[in-house]
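Structural description and commentary
Next come the chains, spelled out residue by residue.
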Amino acid sequence: MTTDLAVVSRARSGDPEAFRMLVESHSRATFRVAYRMTGNEHDADDVVQETFLRAYRQLRHFEERADFGTWLHRIAVNCSLDLLRARSRADKQYGGDPESAELAGAAGARSEAQQDRLMISAELKTQVATAMKRLSASERTAFILRHFEGMPVEEIGKTLGIQVSATKHTIFRAVRKLRESLEPFVRSTPCNT
Amino acid sequence: MQHLTEEQLVAHYYHDADAVTAEAHLATCEECRAQLATLRSVLALIDQLPIPEKNGAYGEEVWTRLRWKLGSERRRSRVWGTISAIAAALALAFIGGMLWHAGTQQSSPAAVAAKNTPSPAAAAQTASNSSSVVSRDRLLLVVVSDHLDSSERILLELSNADAKHPLDITSESRRAGELVASNRIYRQTAARRGETRIASLLSDLEPVLLELSHAGSTLSPDEIASLQKRIDSKGLLFKVRVVSAQVNGQDGVTKAPPKGMDSL
Ligand SMILES: [Zn+2]
């Protein structure tokens, strides 16, 4: 966005009105990234808040030639990653979430019996969400950045602080988990091994 | 014929692989084509995952929530700027006072000599030191009152936190880190001045601030609960308010300079 440039420079010089304009014009895009990353609306709203707070504090480090939207996007990804990691640490302390895995199995068996497309599409939302929840913080981040954002593997590696080969493997692990969870829901092919 | 591995298929899907090799194999292998088709269908499912649509007022809502936080952040950084300037001045004045005090008590040959032959310079020094004791006391009250305000805000946020979910405390932790250093100076100063109530409150406060400053960016539900327990068991919030009110009262009596003491 070319109009951002002037506004960003005003915001950098401490004009709150300019920062308000940036917040208002980038909130929805930031929410979409945050929602994909966190998978729930409440967390996404929190990530949006934290993203703009961090952006405000780091505004003087923002290079004016860079794209503000891209810069904000990266902050949102990092905030989400922090949240996912904190959440998974907390989950470990409380012994994981066996319930959701059980749920996924049961629903899988059910849907093979029912071929009603409407039922499936309603159920699918839950299934896809559940499948995404099975991913670790890094797997989820790597997958979303590759799949939805089309970010190059090298960039994803930098975001996660890991090597290129490890990044590729993380994306692969994510896809394999998703496939394991969701394959029962796609029309099965004759050549399954 | 060697089939493509799962990993190669995924890499192929995202164009992260040696495209020629994979494509050459796929052109001749129905089984791998089927595998790729399944992979595409699975990933297509994920593309359908809906994202809640936020309406046009969302940006404004975000700003409304945010504005309050930014406001308190700006106030905090101003207050902190003032506090650290005063704390530095206080520490210097305090050390200066101690040195002078030690000098007169130990009766070193130089001090004895100075006593026996009182020079105008020595008399002037004594006068300036006694007046600086008064202004230092006022300074202590002003900075302690600001310090308690900031600490109270953090304690309040912690006490009100929902102990069922992890809590992001990035900014609280940073603020606590800043407060720990000043807390130590004020506690020592208060103890030496015989302000036992302030000193004892500050020594209750210190471990909580310290723990918070080392907690990193997130508190787990357990950590929140344990900190809340500590705040509760010492009646810390209540004490902070009482002493804060007391300090503010004294502050008024001694006609402390106004809070915007940036000139210091
Ligand atoms: Zn093959």
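Residues numbered from 1 in each chain as written. Chains lettered and ligands numbered in written order. Predicted model: local features only at pLDDT ≥ 70, side-chain atom pairs only at ≥ 80, totals over all residues. Heavy atoms only, no water.

**Some thoughts on the packing of aromatic side chains**
One pass over the full model with this rule turns up nine aromatic pairs over all chains. Taken together, a centroid distance of 5.2 Å and an interplanar angle of 65° make the contact between A:F19 and A:Y56 edge-to-face. Of the two residues, A:F19 is situated in helix α2 (residues 16-38) and A:Y56 in helix α3 (residues 41-58); the sequence distance between them amounts to 37 residues. Seen in terms of ring centroids, A:F143 and A:F148 are 6.4 Å apart; in terms of plane orientation they differ by 85°. Their pairing is edge-to-face. A residue is classified by how much of its surface remains accessible, and A:F143, at 0% relative accessible area, is buried. One aromatic cluster is present, built from ring pairs that chain together A:F19, A:Y56 and B:W63. Seen from the ring of A:F31, B:K54 lies directly overhead, with NZ or CZ sitting 4.6 Å from the centre. (Phe/Tyr/Trp six-rings, centres within 6.5 Å; stacked < 30°, edge-to-face > 60°. Helix = DSSP H or I, 4+ residues; strand = E, 2+ residues; numbered from the N terminus. Buried < 20%, exposed > 50% of the residue type's maximum accessible area, 1.4 Å probe, protein only. Lys NZ or Arg CZ within 6 Å of the ring centre and 35° of its normal.)

**Some remarks on the interface of chain B and chain A**
With 45 residues of chain B in contact, the opposing surface of chain A contributes 53 residues. With both sides pooled, the region where chain B packs onto chain A buries about 4800 Å², and carbon together with sulfur makes up 63% of that total. Here chain B and chain A share six salt bridges between them. Notably, a salt bridge pairs B:D16 with A:R146, separated by 2.9 Å at the nearest N-O pair. Where chain B meets chain A, there are 13 residue pairs in polar contact (both at pLDDT 80 or more). The residue inventory of the side of chain B that touches chain A, partitioned by class, reads 20 nonpolar, 10 polar and 15 charged. (Contact = heavy atoms within 4.5 Å. Buried area = accessible area lost by both parts, 1.4 Å probe. Salt bridge = Lys/Arg side-chain N within 4 Å of Asp/Glu carboxyl O. Polar contact = N/O pair within 3.5 Å; in protein donor to acceptor, adjacent residues only side chain to side chain. Nonpolar A, V, L, I, M, F, W, Y, C, P; charged D, E, K, R; others polar.)

**So, the confidence of the model for chain B**
In low-pLDDT regions, the fine details of the predicted coordinates are not to be read closely. All names here are of chain B. Across chain B, the average pLDDT comes to 72, with 65% of residues at or above 70. Mean pLDDT in chain B bottoms out at helix α5 (residues 109-116), which sits at 43, and peaks at helix α3 (residues 30-47), which reaches 92. A low-confidence stretch, residues 105-130 stays under pLDDT 50, and its non-local contacts, those more than four residues away or across chains, total nine contacts. Confidence drops under pLDDT 50 across residues 251-264; counting only partners more than four residues distant or on other chains, this segment forms 21 contacts. (pLDDT = per-residue confidence, 0-100.)

**Overview of the coordination of the zinc ion**
Residue and element names in this part refer to chain B. Distances from the zinc ion to its protein donors, H3 (ND1), H25 (NE2), C29 (SG) and C32 (SG), fall within 2.0 to 2.2 Å. Coordination at the zinc ion comes from four donor atoms whose angles at the metal span 96 to 125°, giving a geometry best classed as tetrahedral. When the donor residues of the zinc ion are listed from N- to C-terminus, their spacing reads H-x21-H-x3-C-x2-C. Here H3, found in the segment before α1 (6-13), pairs with H25, found in helix α2 (residues 19-28); they are 22 residues apart in sequence, far enough to count as distant. Judged by relative accessible area, H3 falls into the partly exposed class, the value being 34%. (Donors = N, O, S within 2.8 Å, 3.2 Å for Na, K, Ca; no water. Tetrahedral: all angles 85-135°; square planar, octahedral: opposite > 155°, others 65-115°.)

**Quick notes on the pattern of salt bridges**
Residue and element names in this part refer to chain A. Inspection of every chain in the model, using the stated rule, returns 20 salt bridges over all chains. For R54, the salt bridge identified is with D82, shortest N-O distance 2.9 Å. With R54 in helix α3 and D82 in helix α4 (residues 68-93), this residue pair connects regions lying 28 residues apart in the sequence. On the accessibility criterion, R54 (14% relative accessible area) is buried.

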